[in-house]
Amino acid sequence: MKCDVLIVGAGFSGCVAAQRLAEKGLNVLIVEKRNHIGGQCSDKLDENGVMVQTYGPHIFHTKFEDVSEYLNRFTKFNDYKHKVIAKHKDKLYPVPINLTTFNKFYNLNLDGEGMKEFFEDKREKIDIIKNSRDVILSRIGTELYDAFIKYYTKKQWDCYPEDLDKEVLERIPVRFDEDDYYFSNELQGIPINGFSEMFKKIIASPNIQIKLNTDYKDVINKIDYSKLICTAPIDEFFDFKFGKLKYRALKFILETKDKELFQENSVVNYPGPDVPYTRITEFKHFLNQKTDKTTIMKEIPTWEGVPAYPIPQKETKELFKKYQELAENTKDTYFLGRLGRYKYINMDVACKEALELADEILETI
Ligand code: FAD
Ligand code: UDP
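Residues numbered from 1 in each chain as written. Chains lettered and ligands numbered in written order. Predicted model: local features only at pLDDT ≥ 70, side-chain atom pairs only at ≥ 80, totals over all residues. Heavy atoms only, no water.

What is the right way to read the site of ligand 1 from this model?
Among the 35 residues in the neighbourhood of ligand 1, the closest are listed as Ser 13, Glu 32, His 58, Ile 345 and Met 347. Within the backbone of Lys 33, an N or O atom sits 3.2 Å from a nitrogen atom of ligand 1. Take Gln 40: an N or O atom from its main chain is 2.9 Å from an oxygen atom of ligand 1. Relative to its free-state accessible area of 1,000 Å², ligand 1 is covered by the protein chains to the extent of 96%. Breaking the shell around ligand 1 down by element, the ones donating at least two residues are helix 1 (12–23) and helix 12 (337–340). (Near = heavy atom within 4 Å. Polar contact = N/O pair within 3.5 Å; in protein donor to acceptor, adjacent residues only side chain to side chain. Areas by Shrake-Rupley, 256 points an atom, 1.4 Å probe, with all protein chains shown as cover. Helix = DSSP H or I, 4+ residues; strand = E, 2+ residues; numbered from the N terminus.)

Just checking my understanding: could you explain the environment of Ser 184 for this structure?
For Ser 184, the position within the fold is in the loop between helix 7 (166–170) and strand 8 (187–189). We classify Ser 184 as partly exposed; its relative accessible area is 37%. Distance from Ser 184 to Lys 63, taken between C-alpha atoms, is 9.1 Å for residues 121 residues apart in sequence. Contacts of Ser 184, omitting those with residues within four sequence positions, involve Pro 173 and Arg 175. A distance of 3.1 Å separates a polar atom in the side chain of Ser 184 from a polar atom in the side chain of Arg 175. (Buried < 20%, exposed > 50% of the residue type's maximum accessible area, 1.4 Å probe, protein only. Contact = heavy atoms within 4.5 Å.)

Honestly, the packing of helix 3 (residues 99–106) against helix 6 (residues 142–157) in this entry has me stumped. Any pointers?
Any two packed helices are characterised by the angle at which their axes cross and by the distance between the axes. At a minimum axis separation of 12 Å, helix 3 and helix 6 run at an interaxial angle of 105 degrees. Here helix 3 is positioned roughly perpendicular relative to helix 6, judged by the angle of their axes. Two secondary-structure elements touch here, helix 3 through Thr 101, Phe 105 and Tyr 106 and helix 6 through Glu 143, Leu 144, Ala 147 and Phe 148. Residue composition of the contact of helix 3 with helix 6, grouped by class: five nonpolar, one polar and one charged. (Axes fitted to C-alpha atoms, helices over the stretch in contact; angles between N-to-C directions. Parallel < 35°, antiparallel > 145°, perpendicular 65-115°, else oblique. Nonpolar A, V, L, I, M, F, W, Y, C, P; charged D, E, K, R; others polar.)

Looking at this structure, I do not really get the side chain of Ser 266. What am I missing?
With respect to the helices, strands and loops of the structure, Ser 266 is situated in the loop between strand 11 (247–257) and strand 12 (267–269). Ignoring anything within four residues of it in the chain, the contact list for Ser 266 reads Tyr 80, His 82, Lys 83, Ile 280, Thr 281, Glu 282, His 285 and Phe 286.

In this structure, what is going on with the nonpolar core? I would like to understand it.
A general tendency of soluble globular proteins is for nonpolar side chains to be buried together. In terms of nonpolar packing, the biggest core is built from 40 residues, with Phe 12, Leu 21, Leu 71, Ile 202 and Ile 229 touching the most fellow members. Looking at this core, the elements with two or more residues in it are strand 1 (2–8), helix 1, strand 2 (28–31), helix 2 (65–71), helix 8 (195–202) and helix 13 (347–364). Ignoring anything within four residues of it in the chain, the contact list for Phe 12 reads Gly 38, Cys 41, Leu 71, Met 198, Phe 199, Met 347, Ala 350 and Cys 351. (Core = buried A, V, L, I, M, F, W, Y, C linked by side-chain atoms within 4.5 Å.)

Where do I start with the sheet that holds strand 15 (residues 309–310) in this structure?
The strands making up a sheet are joined through hydrogen bonds of the backbone, oriented either antiparallel or parallel. Strand order in the open sheet formed by seven strands is 7-6-12-13-14-11-15, with mixed pairing between adjacent strands. This sheet does not close on itself; its edge strands, each paired only once, are strand 7 (91–95) and strand 15. In this structure, strand 13 (residues 279–282) lies alongside strand 14 (residues 294–302), joined through four bridges in antiparallel fashion. Pairing of Glu 282 across the sheet is with Ile 296, part of strand 14. Across the sheet, helix 3 lies against strand 6 (84–88) and strand 7, angled at about 150 degrees from strand 7, the strand it touches most. (Pairing = 2+ DSSP bridges.)

Explain helix 8 here, please?
When helix 8 is considered as a whole, its buried residues turn out to be Phe 195, Ser 196, Met 198, Phe 199 and Ile 202. Buried residues of helix 8, seen end-on, are gathered within an arc of 155 degrees and therefore sit on one face of the element. (Arc of directions from axis to C-beta.)

Looking at this structure, I do not really get the site of ligand 2. What am I missing?
Every one of the 15 residues lining ligand 2 counts as a neighbour, but Thr 153, Arg 171, Tyr 182, Asn 269 and Tyr 344 are closest to it. Backbone polar atom of Phe 148 to a nitrogen atom of ligand 2: 2.9 Å apart, as the coordinates give it. Here an oxygen atom of ligand 2 sits 3.2 Å away from a polar atom, N or O, in the main chain of Ile 149. Against a free-state accessible area of 520 Å², the protein chains account for coverage of 91% of ligand 2. Counting only elements with at least two residues in the shell around ligand 2, the list comes to helix 6 and helix 7. With six residues, the single largest contributor to the shell around ligand 2 is helix 6.

Below, the structure is given as structure tokens:
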């Protein structure tokens with residue numbers, strides 16, 4: 001087999017890079033180990049007629065207008081705006097923590113200024129924010145932290161926030177108003193026909209060939225290519241030369257409920273240590289689907305299975321650096337995406353970095 005660019009992985013990163021290169025006339029071959037495209041973002045209709053996102057809930061959101069414009073070439077997005085509710089001791093609270101969460105939790109009726117003053121007393125005065133625990137305690141002290149953050153994080157990452165880089169909990173704001181949207185001021189939505197349909201369109205070019213059910217390690221020696229983009233784990237690419245990078249995975253439990261609706265919101269978080277799952281997603285909310293039955297998914301974080309999350313810790317980043325240096329010295333080979341760059345990135349960043357890398361490669365040809 002012959003191609004200009006060989007791309008390992010048909011996830012968001014691989015598909016977008018392929019599209020941009022193909023649009024400029026290059027022949028691209030994508031090799032994907034799974035039996036479908038879309039990677040972690042893939043979805044499909046289940047037997048209840050519900051669009052289920054196979055690897056957990058995905059909501060597109062971005063502040064990059066160019067990324068949004070680019071994707072709008074391949075799909076329309078609906079106007080879904082994501083909200084999350086957390087269940088703590090049988091009561092429901094909006095998350096991220098906002099004025100409503102605060103007043104309900106403390107049984108108060110303060111305004112934003114009152115909330116700020118309240119936390120001036122409670123919050124810990126930390127000069128240098130070193131980790132994810134510092135991020136939260138310096139804002140709101142321990143009580144809300146214990147209720148909504150500490151054990152959720154322990155379940156998600158198998159460690160407490162003090163052992164995670166600050167970037168993890170910096171993802172989550174604390175709001176002093178009643179804004180209960182999960183993401184701040186961003187373009188957002190769900191592709192109206194699902195993510196997989198969007199990926200099908202993205203890679204529809206005759207310049208793109210795809211081989212599913214194929215591990216690149218089994219075929220790479222038989223392919224004649226000029227450049228390689230790898231979106232598979234970088235440590236695996238180099239045969240774990242410096243040791244294994246850790247990735248957190250998820251176990252998904254799908255259940256059909258014989259009722260129209262299971263919960264009032266698409267996602268309900270379970271931040272307590274009493275249940276092993278972090279959240280329950282009821283998918284029909286995303287596309288506002290009307291069906292007699294409903295499908296829900298519980299997510300249980302684990303160390304087994306498909307790598308999903310790079311671990312944002314000092315040690316893992318140091319190990320990654322060694323692979324990165326090796327990568328920089330590997331001719332005509334580029335790494336991309338959550339696994340290739342070992343970076344906790346959202347879809348919009350995956351898309352942006354894929355377009356940038358494709359443009360960089362095009363300049364060299
Ligand atoms: P992947 O989707 O992992 O693609 C890599 C591909 O490489 C996979 O298809 C894999 O099968 C393939 N591959 C691996 N090894 C090999 C091999 N040896 N040979 C051939 N192929 C191989 N982002 C958001 O913006 N909004 C959200 O709401 C959101 N929710 C998320 C929820 C969860 C549970 C998770 C885990 C992530 C979420 N994300 C979200 C992030 C989003 O999933 C990623 O940004 C995106 O999937 C990155 O795409 P990628 O192509 O880099 O990686
Ligand atoms: N988090 C938490 N409680 C919540 C939601 C999130 O403690 O109710 C923490 C958890 O450590 C999580 C991090 O905040 O990994 C980032 O949350 P986000 O929703 O951005 O994570 P994602 O699911 O997108 O990876």
